[in-house]
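Each chain, letter by letter, is given below.
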Amino acid sequence: MRGFFILAVRLILAGLFVYAGVVKMLRPDLFFGDILSYQLLPVWAALVVAYLLAPLEVLVGLGLLWKPSRGAAVLLGVAMMAVFIVAIMSAWARGLDISCGCFGGSSEAAASYPWLIFRDLLFIAAFLIAALPTHVSVKREPRGRAQVRTVSCSTIERLRPRKRGTPTRSRGQRNATV
């Protein structure tokens, strides 16, 4: 059950990031306008971010689905969410009325800052859940029977291979030679 939950979180998160990245790649001009509305970057840097962030989001989404890249995707995703939270808090503190640009369009409603911050914190939690393994192998014992078998020392001595002429112990004897 736990594995299915983790897999579902991973798939939903990957789908959201791929979708958000593709939408931004289709209309980078709208995303560029959203980035400029934060008033954090010069125009040239906002243009670079508008063209690079969208493919990075797609890579993070796809990376969540491929086990060898999952760790890097989780780290990048958490880092992006942290940067987004800082940018949102900065806009809120300066009284800017912006759309977040999360899904690449200025057509989004004006930002509800507490909701955006809360949502990004949920995304961070989802990334941390996505980093967990989806299955844990547990060896179960059959009912009514223990897996442990006791073996006496004399049994071990009899099973151990010996060279000719080496002393051995048998019942009642201290050192015998074979």
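Everything discussed here concerns the structure shown above.
Quick summary incoming for the structure in this document. Just so it is clear, the structure is predicted and the values come from calculations on it, not from any experiment. (Residues numbered from 1 in each chain as written. Predicted model: local features only at pLDDT ≥ 70, side-chain atom pairs only at ≥ 80, totals over all residues. Heavy atoms only, no water.)

Details of helix α5 (residues 113-130)
Link 1 in the chain: The terminal C-alpha atoms of α5, which comprises 18 residues, lie 25 Å apart, in line with the 26 Å expected from a rise of 1.5 Å per residue.
Link 2 in the chain: Residues of α5 that are buried: Tyr 113, Leu 116, Ile 117, Arg 119, Asp 120, Phe 123, Ile 124, Ala 126, Phe 127 and Ala 130.
Link 3 in the chain: Against α1 (2-26), α3 (43-65) and α4 (70-93) lie the buried residues of α5. (Helix = DSSP H or I, 4+ residues; strand = E, 2+ residues; numbered from the N terminus. Expected span 1.5 Å × (residues − 1). Buried < 20%, exposed > 50% of the residue type's maximum accessible area, 1.4 Å probe, protein only. Contact = heavy atoms within 4.5 Å.)

Details of the pattern of salt bridges
Link 1 in the chain: Enumeration over the complete set of coordinates arrives at 3 salt bridges.
Link 2 in the chain: One salt bridge in this structure joins Asp 29 and Arg 27, with 3.0 Å as the shortest N-O distance.
Link 3 in the chain: Take Asp 29: its relative accessible area is 45%, and that puts it in the partly exposed class.
Link 4 in the chain: Using a relative accessible area of 41% as the deciding quantity, one classes Arg 27 as partly exposed. (Salt bridge = Lys/Arg side-chain N within 4 Å of Asp/Glu carboxyl O.)

Observations regarding unusual backbone geometry
Outside of glycine, negative phi angles account for most residues, and trans bonds account for most peptide bonds.
Link 1 in the chain: With phi around 55 degrees, Gln 39 is a residue other than glycine that occupies positive phi space.
Link 2 in the chain: By the secondary structure assignment, Gln 39 is in the loop between α2 (28-37) and α3.

Regarding the packing of aromatic side chains
Link 1 in the chain: As enumerated under the stated definition, the model contains 4 aromatic pairs in all.
Link 2 in the chain: A centroid spacing of 6.0 Å and a plane angle of 85 degrees characterise the contact between Phe 17 and Phe 123, whose relative ring orientation is edge-to-face. In this pair, Phe 17 is assigned in helix α1 and Phe 123 in helix α5, connecting sequence segments 106 residues apart. Here Phe 17 matches Phe 123 in class, with each residue buried.
Link 3 in the chain: Between Phe 17 and Phe 127, the ring centres sit 5.2 Å apart and the planes meet at 75 degrees, which makes this aromatic pair edge-to-face. On the criterion of sequence distance, the pair formed by Phe 17 in helix α1 and Phe 127 in helix α5 is long-range, its members being 110 residues apart. Both residues of the pair, Phe 17 and Phe 127, count as buried. (Phe/Tyr/Trp six-rings, centres within 6.5 Å; stacked < 30°, edge-to-face > 60°.)

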